[in-house]
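Here is how the chains run, residue by residue.
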Amino acid sequence: MVEFNRKIMTIDFKNTEDSDVMDCREKGGRAAQGSEVGLEGMMRQVVNLLEYSAVTAVGLIILGTMNIFVMLVLVGLSAIGFAAKNHANKKCKKEVWDPLANWWRRNHYMSNTTCDFAAAKDIRMFGLREWLTEKFKKEKKTKYEGQIKNEKIWLCCSTCNIFCFAASQIIVYGWLLYKALRGEMTIGNFSLYVASSTTFYTYVWQIMDSIADLLQRSREVDDWRSFLDMDGGNPDVGKEVPEYDSYEFEFRNVSLGFLQWSFRIFSFLLSA
């Protein structure tokens, strides 16, 4: 027989109403929702990084005979693109997606309430249609505003990348034309260096892009670890329920209601 050690995760029930705890759980959950995020996403980015590095090394050998300063400029422009994407990732996570953690919970609840036929009678009986409609519109507007902010951030990042690529092409073509006009380069070498420099810049940029994605996956893993490290309360507090053939649960002076009171201060007994 093979025995497995299991760690039981517990959390105080009161924490299920704590927005900070629920936000931490939401962010941690997003880090484990697919193969492109979290730990698996990091592993995939490492594989991509190794692949791009091998191709870049070959391009480095070819371009080494052209001009070392041109190569350094291409690497510098790629580094600017990396800085732009890494900044966009951090800014979007901090200012857009992390603050929307509680929105995902509200949206999930609203979607279940408004799309579940079991709630239709309650919505009609208590006149909740208009209230839920306005609430739903407000929640969607909150998400829309976050998406607009996200698109603006990435628009700036994309614009920076476009300018970096354009600058790389101007520098490479300028240098090659200068060498060709002086008769120091043949048409064949001109074509070879144009293709090689474009490939070199593309793969250096992809390396930088993979590093930026790797850092973003690392932040997601940190969210997941923060959730796992959360203090869920002392599991030893409390006492075990004794074993009986049947149980009775008594509720004293409780009230039930939704928007308006259905029952006020009554007691009842449940048998199980």
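Computed from a predicted model, the values in this text were never measured in an experiment.

Undergrad: Would you take a moment to explain the overall build of the protein chain for this structure?
TA: Summing up its helical and strand segments, the protein chain has seven helices and two strands in all. Moving toward the C terminus, one meets the helices and strands of the protein chain in the order α-α-α-α-α-α-α-β-β. Put simply, 72% of the contacts in the protein chain that link residues at least 6 apart link residues at least 24 apart. On the protein chain, roughly 19,100 Å² of surface is accessible, and the fraction owed to carbon and sulfur atoms is 60%.

Undergrad: Would you explain the confidence of the model for the protein chain in this entry?
TA: Parts of the prediction with low pLDDT should not have their coordinates interpreted in detail. Within the protein chain, residue pLDDT values average 78, and 81% of them lie at 70 or more. Considering only residues more than four positions removed or in separate chains, one finds that residues 1-8, a stretch of pLDDT under 50, has zero contacts.

Undergrad: When you look at the nonpolar core in this model, what are you seeing that I'm missing?
TA: One recurring pattern in soluble globular proteins is that nonpolar side chains are buried together. Among the nonpolar cores identified, the biggest contains 13 residues, and L74, V172, L176, M185, F190 and Y201 are the most heavily contacted of them. Looking at this core, the elements with two or more residues in it are α3 (68-97), α6 (129-181) and α7 (187-228). One finds A88, C92, V96 and W103 within the second-largest nonpolar core, a separate group that totals eight residues.

Undergrad: What is the right way to look at α6 in this model?
TA: Side chains three or four residues apart in an α-helix point the same way, a direct result of the helix having 3.6 residues per turn. Here α6 is 53 residues long and its end C-alpha atoms lie 76 Å apart, about the 78 Å a rise of 1.5 Å per residue gives. Remark: G183 follows α6 within two positions and exhibits a positive phi of approximately 75°.

Undergrad: Just checking my understanding: could you explain the layout of surface pockets for this structure?
TA: Over the atoms rolls a probe the size of a water molecule, and in doing so it shows where empty space is left. The volume enclosed by the largest pocket comes to roughly 380 Å³. Surrounding the largest pocket, 17 residues form its lining, R30, W97, Q216, R217 and E220 being those nearest its centre. Of all the secondary-structure elements, those providing two or more residues to the lining of the largest pocket are α1 (19-30), α3, α6 and α7. Within the lining of the largest pocket, the residues separate by chemical class into six nonpolar, four polar and seven charged.

Undergrad: Would you take a moment to explain the pattern of salt bridges for this structure?
TA: Once their charged atoms are close, side chains differing in charge can pair, the charge on each being opposite to the other. A full pass over the atoms with the stated rule returns nine salt bridges. For the salt bridge of E95 with K91, the shortest nitrogen-to-oxygen distance reads 3.0 Å. Of this pair, E95 and K91 both sit in helix α3, separated by four residues, roughly a single helical turn. Using a relative accessible area of 29% as the deciding quantity, one classes K91 as partly exposed. Note that R129 is salt-bridged to E130, the shortest N-O span being 3.6 Å. The exposure class assigned to E130 is partly exposed, which follows from its relative accessible area of 48%. Linked by salt bridges that have partners in common, K85, D209 and D213 make up one network.

Parameters at a glance
Residues numbered from 1 in each chain as written. Predicted model: local features only at pLDDT ≥ 70, side-chain atom pairs only at ≥ 80, totals over all residues. Heavy atoms only, no water. Helix = DSSP H or I, 4+ residues; strand = E, 2+ residues; numbered from the N terminus. Contact = heavy atoms within 4.5 Å. Areas by Shrake-Rupley, 256 points an atom, 1.4 Å probe, with all protein chains shown as cover. pLDDT = per-residue confidence, 0-100. Core = buried A, V, L, I, M, F, W, Y, C linked by side-chain atoms within 4.5 Å. Buried < 20%, exposed > 50% of the residue type's maximum accessible area, 1.4 Å probe, protein only. Expected span 1.5 Å × (residues − 1). 1 Å grid on protein atoms, 1.4 Å probe; cavity = no way out; pocket = protein on both sides within 12 Å on 5 of 7 lines; lining within 4 Å. Points joined across faces, edges and corners; volume = space filled by probe spheres on them. Nonpolar A, V, L, I, M, F, W, Y, C, P; charged D, E, K, R; others polar. Salt bridge = Lys/Arg side-chain N within 4 Å of Asp/Glu carboxyl O.

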